[in-house]
Amino acid sequence: MQEIDTFYVDGRFATSHGRARLALVNPATEDVLGHVLLGDAHDALAAVASARRAQDAFARTTPAERIGMLKRLHAALLRHGDALRDATIEEYGGPVTRSAWVAAFAASTFLDAAHTLEGFAFERTAGDSTVRLEPVGISVLITPWNSNAGSICSKLAMAIAAGCTSVVKPSELSALQTRVVAQAIHEAGLPPGVVNILNGRGDVVGSTLCQHPDVARISFTGSNGTGLAIARLAIESMKRLSLGLGGKSPTLVLADADFTRAIPAAVNAAFQNSGQACIAGSRLLVPRHRLQEAEALIARHVAQLRVGPPDDPDTVIGPMATHAHWQRVQGYIRAGLDEGARLLAGGLHRPEGLQKGYFVRPTVFTDVHNGMTIAREEIFGPVLCVIPFDDENEAVHIANDSPYGLHAYVFSGDQARALAIAGRLQAGRVAINGFRHDPLAPFGGYKASGIGREYGSAGLESFLETKAILQVA
């Protein structure tokens, strides 16, 4: 039984002032792993005070000094990679291959930030004026349970690159992963107060941080409802804000695509991270005249996907993170059935042979139209909607007919055609003929998928203020 009762503040681990405890549950077995002591407003104020004491000196550090810190952080996270992988498997239920990737990704974000910082121009010329980019100041970084370590590290890397001190408020459901990350950060030997990490609920710790007058910036990744609440708090004191919110990403498989390659890739895009991914390609658009062919390939591929214990190397889809979220996904599957979508694979309840754990049958609905609940709302689980289209103009219309615009995927045998379609899609990122993450390219969404961008120079600039200096001769 693991007990976590400290938070990281001012370069040390201190006992939380809060008294509320949260049980940490293994989603694959439903066993209690331990408890985390949740911070309170007192702890939040202490974390901001620590960041405030460190901010002025940290803002004066040179890019070379910050690059050195980022490289130390990269090395420290690499040393803790196995522990982070294991915590992600145990606490979140991430399949082992995915969890190993996440651990490596978390470490790599610091090196990516160092590369971005190298040669970055903090002083530029505009007309006859000098333009300086300066650290915005104390930043609150709020991260989600579906990608806890990766989000902590990617946000923190850019804050450090910019010269901003931070208070990190991770998901309280991810305390084991957070503890590993905090230990690595401590071992990297940054100046006290540059990084502060605090477990706690959003309505207690998060609210205190977002309203604090000394906080200059908030970077949040999570649900749209929470993002809207944070935006309202931020605007009261004009805090700088970026929001990484939900998605209902379309995958367009054009008629000239190689279906034997495109359809399995599209299913994998939908079910990545067990479907608990904001960039999941949860709407699959296929030409109507090839619908039956697509359905056969989908059914065949889904039947081969192993759902099971996340520590099994053959597992592709692990459990949902919590029982409440499992119930939510079941509700969406029930809604699809009630609204008349045709079930191609999966359905309600656990997969056969799994009596415990928050497992969902990988589910595919076809004969879906874009007005159905399952096509409009983010399900955040392994549920795929297949929507037929008659021509490419209709495909683009369906893809864009969504409140979201985070990500999209296009498959075509003609690169020029795929690029032309990509240019018409309302999405912050479009992947053509596959999927890869580019850590130096901006990431963020159109419409309800958020505000602002992360990664690369755009992510660095989101932690900077712009000052124009006009000299009169």
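For clarity, every value in this text was computed on a predicted model and none was experimentally measured.

Cut-off values and rules
Residues numbered from 1 in each chain as written. Predicted model: local features only at pLDDT ≥ 70, side-chain atom pairs only at ≥ 80, totals over all residues. Heavy atoms only, no water. Helix = DSSP H or I, 4+ residues; strand = E, 2+ residues; numbered from the N terminus. Contact = heavy atoms within 4.5 Å. Pairing = 2+ DSSP bridges. Axes fitted to C-alpha atoms, helices over the stretch in contact; angles between N-to-C directions. Disulfide = S-S within 2.5 Å. Buried < 20%, exposed > 50% of the residue type's maximum accessible area, 1.4 Å probe, protein only. Core = buried A, V, L, I, M, F, W, Y, C linked by side-chain atoms within 4.5 Å. Right-handed = clockwise from strand over helix to strand, strands pointing away. Parallel < 35°, antiparallel > 145°, perpendicular 65-115°, else oblique. Left-handed = near helix turned anticlockwise from the far one by under 90°.

Engineer: Explain the environment of Ser219 here, please?
Structural biologist: Position of Ser219 among the secondary structure elements: in strand β11 (residues 217-221). Taking the C-alpha atoms as reference points, Ser219 and Glu352, 133 residues apart in sequence, are found 41 Å from one another. Discounting chain neighbours no more than four positions away, the residues touching Ser219 are Val140, Leu141, Ile142, Lys155, Ser242, Glu454 and Phe463.

Engineer: Help me out: how do you make sense of the pairing of strand β6 (residues 123-126) in this one?
Structural biologist: Regular strands place their side chains on alternate faces of the sheet. Inspection of the sheet shows β6 paired to strand β7 (residues 129-135) by four bridges, in the antiparallel sense. In the sheet register, Ala126 faces β7, and the bridge partner there is Ser129. In this structure, the hairpin formed by β6 and β7 is closed by a connection of two residues, where Gly127 is found at a positive phi of approximately 60 degrees.

Engineer: I tried to follow the sheet that holds strand β5 (residues 32-37) on my own but got confused; where do I start?
Structural biologist: With respect to topology, three strands assemble into an open sheet ordered β1-β5-β4, the strand pairing being mixed. Two strands bound the open sheet, and with one partner strand each, they are β1 (2-4) and β4 (21-25). Taken over all neighbouring pairs, the strand axes of this sheet differ in orientation by 20 degrees on average, direction set aside. In the packing of helix α6 (residues 175-187) onto the sheet, contacts are made with β1, β4 and β5, and the angle to β1 comes to roughly 65 degrees.

Engineer: So what exactly am I meant to see when it comes to the state of the cysteines here?
Structural biologist: Note on terminology: a disulfide is the covalent bond linking the sulfur atoms of two cysteines. A complete count under the given rule lists zero disulfides for this structure. Cys210 takes part in no disulfide bond, and the closest cysteine sulfur, belonging to Cys164, lies 16 Å away. Overall, the relative accessible area of 1% leaves Cys210 in the buried class. Not engaged in a disulfide, the cysteine Cys278 finds its nearest cysteine sulfur in Cys153; these two sulfurs lie 17 Å apart.

Engineer: Sorry, what's going on with the nonpolar core here?
Structural biologist: Nonpolar side chains in soluble globular proteins generally cluster together in the buried interior. Among the nonpolar cores identified, the biggest contains 55 residues, and Leu70 and Ile160 are the most heavily contacted of them. Residue assignment for this core shows that the elements contributing at least two residues are β4, β5, α2 (63-79), α3 (81-92), α4 (96-117), α5 (148-162), α6 and β10 (195-197). In terms of residue count, α5 provides more of this core than any other element does, ten residues in total. If sequence neighbours within four positions are ignored, Ile160 has contacts with Phe58, Arg66, Leu70, Leu73, Leu190, Val194 and Val195. The next biggest cluster of nonpolar side chains, apart from the first, holds 37 residues, and it includes Ile298, Val307, Val386 and Phe443.

Engineer: Hey, could you run me through the pairing of strand β20 (residues 429-432) in this one?
Structural biologist: Only one face of β20 is buried, namely the one carrying Arg429 and Ala431, since none of Val430 and Ile432 on the opposite face is buried. With four bridges joining them, strand β19 (residues 407-411) and β20 adopt parallel strand pairing. Within the sheet, the bridge partner assigned to His407 lies in β20 and is Arg429. Taken together, β19, helix α14 (residues 415-424) and β20 constitute a β-α-β crossover, and its handedness is right-handed.

Engineer: How do you make sense of the packing of helix α9 (residues 259-271) against helix α10 (residues 291-303) when you look at a structure like this?
Structural biologist: Angle between the axes and distance between the axes are the two parameters that describe a pair of packed helices. Across the interface, α9 lies against α10 with an axial gap of 9 Å and an inter-helix angle of 55 degrees. Comparing their axes, α10 and α9 come out oblique. Seen from above, α9 lies across α10 with right-handed handedness. Only Glu293, Ala294, Leu297, Ile298, His301 and Val302 of α10 make contact with α9, whose side of the interface consists of Phe259, Thr260, Ile263, Pro264, Val267, Asn268 and Phe271.

Engineer: What is the right way to look at the sheet that holds β19 in this model?
Structural biologist: Backbone hydrogen bonds hold the strands of a sheet together, and the pairing may be parallel or antiparallel. The seven strands are arranged β15-β16-β17-β14-β13-β19-β20 in an open sheet whose pairing can be described as mixed. Bordering the open sheet on either side are β15 (342-345) and β20, each of which pairs with just one other strand. Adjacent strand axes in the sheet meet at a mean angle of 25 degrees when their direction is disregarded. Inspection of the sheet shows strand β14 (residues 283-287) paired to strand β17 (residues 383-389) by five bridges, in the parallel sense. Pairing of Leu285 across the sheet is with Ile387, part of β17. Of the strands in this sheet, β13 (250-253), β14 and β17 touch helix α13 (residues 392-400), which is tilted by about 145 degrees from β17.

Limitation: the analysis is restricted to geometry and does not speak to function.
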